[in-house]
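# Working through the structure, step by step
Next come the chains, spelled out residue by residue.
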Amino acid sequence: MHAEMSPEGRFEARELPYAYDALAPYISEETLRFHHDKHYLGYVAKLNELVLDTPFAQQPLEDMILGSDGPLFNNAAQAWNHAFLFDTLSPRPQKAPGGALAEAIDRSFGSVEKCREEMTRAAVGLFGSGWVWLVADGAGNLAVRSEQNAGTPLRQHLRPLLCIDVWEHAYYIDYRNRRADAVAAFWNVVDWRVVGERYDHK
Ligand code: MN
């Protein structure tokens, strides 16, 4: 589901799975054009450059994320994280979790509202650039993890279900320094159907 290997053994960027203006007014067309076409495509291009002549040249992206560090890790993880993020959002989202995910959220947080509040608090409070993740452990219990920069819970062998990008490039065009407003708007376009499918497919 993430960047695929092309026949040349290089990573191909994923297209945005909806129109650039589809998430407005919560995320503007201009933000999505910069976020997808400049930032995400930039990470994929840099990854393709860096991976040549490394032991990872033919390896799946996930192996590179687990086994590399420095610039190769940063660009590999950012490529993965952004494809995962764009897939999470939808102009016609399922507004609330259902099924096994809803049960796990109630078990781990008390309610979906408390889960959203904990993720929001983590996103607003994260110093600098990074990601806030909703993750599942091997037993199916959920937790919120904050990661700096390109950080991903894959490195802790936790299963990512949902992420919030708190790099300034994700919101500065629309919200300037008002990260809390950007996070509040973000929840309107999270497709809980996608998050639930990730939880079900262990
Ligand atoms: Mn980003």
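Right, let's walk through the structure included here. (Residues numbered from 1 in each chain as written. Predicted model: local features only at pLDDT ≥ 70, side-chain atom pairs only at ≥ 80, totals over all residues. Heavy atoms only, no water.)

## As for the overall build of the protein chain
Along the protein chain, the regular secondary structure elements total eight helices and five strands. The linear arrangement of helices and strands in the protein chain, starting from the amino end, is β-β-α-α-α-α-α-β-β-β-α-α-α. By the compact-globule yardstick of 17 Å for 202 residues, the protein chain fits well, its C-alpha radius of gyration being 16 Å. Across its three principal axes, the protein chain shows a C-alpha extent of roughly 50 × 40 × 30 Å. The contacts in the protein chain between residues at least 6 apart in sequence include a share of 66% that link residues at least 24 apart. Here the protein chain displays about 9600 Å² of accessible surface, and carbon together with sulfur accounts for 50% of that area. (Helix = DSSP H or I, 4+ residues; strand = E, 2+ residues; numbered from the N terminus. Rg over C-alpha atoms; globule rule 2.2 N^0.38 Å. Contact = heavy atoms within 4.5 Å. Areas by Shrake-Rupley, 256 points an atom, 1.4 Å probe, with all protein chains shown as cover.)

## Overview of the environment of Pro97
Tracing the chain through its elements places Pro97 in the loop between helix H3 (70-88) and helix H4 (99-109). Here Pro97 falls in the buried class, since its relative accessible area comes to 15%. It is 5.0 Å that separates the C-alpha atoms of Pro97 and Trp192, two residues lying 95 residues apart in sequence. Not counting chain neighbours up to four residues away, the residues in contact with Pro97 comprise Ala102, Ile105, Val112 and Trp192. (Buried < 20%, exposed > 50% of the residue type's maximum accessible area, 1.4 Å probe, protein only.)

## Focus on the pairing of strand S4 (residues 142-148)
Bridge analysis of strand S3 (residues 130-136) against S4 gives seven bridges, and the strand direction is antiparallel. For Val132, the partnering residue across the bridge sits in S4 and is Ser146. (Pairing = 2+ DSSP bridges.)

## Re the coordination of the manganese ion
Within the protein, the manganese ion binds to His35 (NE2), His82 (NE2), Asp165 (OD) and His169 (NE2); these donor distances fall in the range 1.9 to 2.1 Å. Each donor residue of the manganese ion belongs to the same chain, and together they define the spacing H-x46-H-x82-D-x3-H. With His82 in helix H3 and His169 in the loop between strand S5 (159-165) and helix H6 (172-175), this residue pair connects regions lying 87 residues apart in the sequence. Grouping residues by exposure puts His82 and His169 together as buried. (Donors = N, O, S within 2.8 Å, 3.2 Å for Na, K, Ca; no water.)

## Considering the nonpolar core
Judged by nonpolar contacts, the single largest core of 60 residues is most densely connected at Leu89, Leu142, Leu162, Ile164 and Trp187. Take this core: its biggest share by element is 10 residues, from H3. Built from parts of two domains, this core gets at least three residues from each of domain 1 (4-12 + 28-88) and domain 2 (99-200). Setting aside its immediate chain neighbours within four residues, Leu162 contacts Phe84, Thr88, Met119, Val132, Trp133, Leu134, Phe186, Trp187, Val190, Trp192, Val195 and Arg198. Core analysis: the second largest hydrophobic core is formed by five residues, Tyr171, Tyr175, Ala182 and Ala185 among them. (Core = buried A, V, L, I, M, F, W, Y, C linked by side-chain atoms within 4.5 Å. Domains from an automatic or database assignment.)

## Looking at the pattern of salt bridges
Tallied over the full model, the rule gives seven salt bridges. A salt bridge links Asp191 to Arg193; the nearest nitrogen and oxygen atoms lie 3.5 Å apart. Salt bridges here are not isolated pairs; linked through shared partners, they connect Asp191, Arg193 and Glu197. (Salt bridge = Lys/Arg side-chain N within 4 Å of Asp/Glu carboxyl O.)

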